[in-house]
Amino acid sequence: KLNVGCGPHYAHGWVNTDLIRTDTITPDVVVDADNPFPFPAATFERAYVGHVLEHIPWGDVPDWLDRLARVLVDDAVALFVGPDVIRALNRWRDHAEPWEKVAGIIESTDAYHDGELRWDADRHHWNCHEGRVAAALTACGWRNVTPLGVLAPIDDWFHDSGTRDGHAIRVAGWPLVSDATCQFA
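Caption draft 1: Fine view of the overall build of the protein. Tallying secondary structure elements over the protein gives 5 helices and 10 strands in all. Sorting the 185 residues of the protein into buried and exposed places 39% on the buried side. Across the protein, contacts joining residues at least 24 apart in sequence account for 58% of those joining residues at least 6 apart. A total of about 9,900 Å² of accessible surface is found on the protein, and carbon and sulfur atoms cover 53% of it.

Caption draft 2: Molecular detail of the pairing of strand β4 (residues 44-50). Within β4, 5 of the 7 residues are buried, leaving the element largely enclosed by the surrounding structure. Pairing between strand β1 (residues 2-4) and β4: 3 bridges, direction parallel. Paired with leucine 2 across the two strands is alanine 47, which belongs to β4. As paired strands, β4 and strand β5 (residues 72-83) are joined by 6 bridges and run parallel to one another. Counted as the bridge partner of valine 49 is phenylalanine 80 from β5. Taken together, β4, helix α1 (residues 61-70) and β5 constitute a β-α-β crossover, and its handedness is right-handed.

Caption draft 3: Structural detail: the packing of helix α2 (residues 85-93) against helix α3 (residues 99-107). Running from N to C, α2 and α3 point in directions that differ by 165°, and their axes come no closer than 10 Å. On the basis of their axis angle, the class for α2 and α3 is roughly antiparallel. Note on packing geometry: the crossing formed by α2 with α3 is left-handed. Seen from α2, the contacting residues are Val85, Ala88, Leu89 and Trp92; seen from α3, they are Trp99, Val102, Ile105 and Ile106. Each residue belonging to the contact of α2 with α3 can be placed in one class, and the counts come to 8 nonpolar, no polar and no charged.

What counts as what
What you see as residue numbers is a count from 1 along each chain, following the sequence as written. Side-chain atom pairs in this predicted model are given and counted only at pLDDT of 80 or more, local residue features only at pLDDT of at least 70, and totals for whole chains, interfaces and linings cover all residues. Values reported for side chains reflect all heavy atoms of the structure, with hydrogen atoms and water molecules removed beforehand. Helix and strand assignments come from DSSP, with helices taken as H or I runs of at least 4 residues and strands as E runs of at least 2, each series counted from the N terminus. Three exposure classes are used, based on accessible area relative to the maximum for each residue type with a 1.4 Å probe and protein chains only: buried under 20%, partly exposed in between, and exposed over 50%. Residue contacts are defined here by distance: any two heavy atoms, one from each residue, within 4.5 Å place the two residues in contact. What sets the accessible areas is the Shrake-Rupley method with a 1.4 Å probe; for residues, cover comes only from the shown protein chains. Criterion used throughout: strands pair if DSSP finds at least two bridges between them. Whether a crossover is right-handed comes down to one check: with the strands pointing away from the viewer, does the path from the first strand over the helix to the second run clockwise; if it does, it is right-handed. Axes here mean lines fitted to C-alpha atoms, for a helix over just the part in contact, with angles spanning 0 to 180 degrees between N-to-C directions. Throughout, the term roughly parallel applies to angles under 35 degrees, roughly antiparallel to angles over 145, roughly perpendicular to angles from 65 to 115, and oblique to all others. The crossing is said to be left-handed when, going from far helix to near helix, the turn is anticlockwise and less than a right angle, and right-handed when the turn is clockwise. In this count, Pro and Cys sit with the nonpolar residues alongside Ala, Val, Leu, Ile, Met, Phe, Trp and Tyr, while Asp, Glu, Lys and Arg are called charged and the others, Gly among them, polar.

Laid out in C-alpha cells, this is it:
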C-alpha cells in the first residue's frame, strides 16, 4: 500500500512517501520530484493520493499518472482526494464558506509562511476539481474511474444516496486525513 505525498499524515502499514523530511513530515521514503516512484513495477495493490495532484504542474500530470500506474499491479485500486474548486466556489456563492477558505483552496495561500513559499511544490499549480481529475485519469487510461461524491461530515454515515463519509472510507482502510466539504474523492 502506497501513501503518496504523506505530508504530516503518516499512515501505519503503508509505504509513506514525500519530497521532504521535517520534524512533522516523516515519510518512509523521501522521493525526488523527477523520480516520484522509485519502486519496481507492479509493487503496490493500493495507492492513496491525498491532496497531491494539484501540486503537480498540469502539463506534468499525465506523465506523473503513468509513473504511478507503473508501480501498481494491474488490478490495483487508487483513491485520489483533492480540493474541489467548483464545490468551494458553489459553497461560497451559497454563503456556506468564507472567501478566505475558497482563496486558500484556489491558491493554496495557507502554504505561505511569512510571505514566502516553504518549498516550490507547496502550492497549487492548477484549479483542481472532481470532474477535471476524473477526466485526466480516464484520458490517461485509468479504468473504472468512479467519483465518490461529496465527503459528508464524519458523523454522517454512508447513505443510500451515494454520499460517502470519511469514516466509511477510513473503515475501508484508507488513510483519509480530512472530511472537508470542499474536497472530492
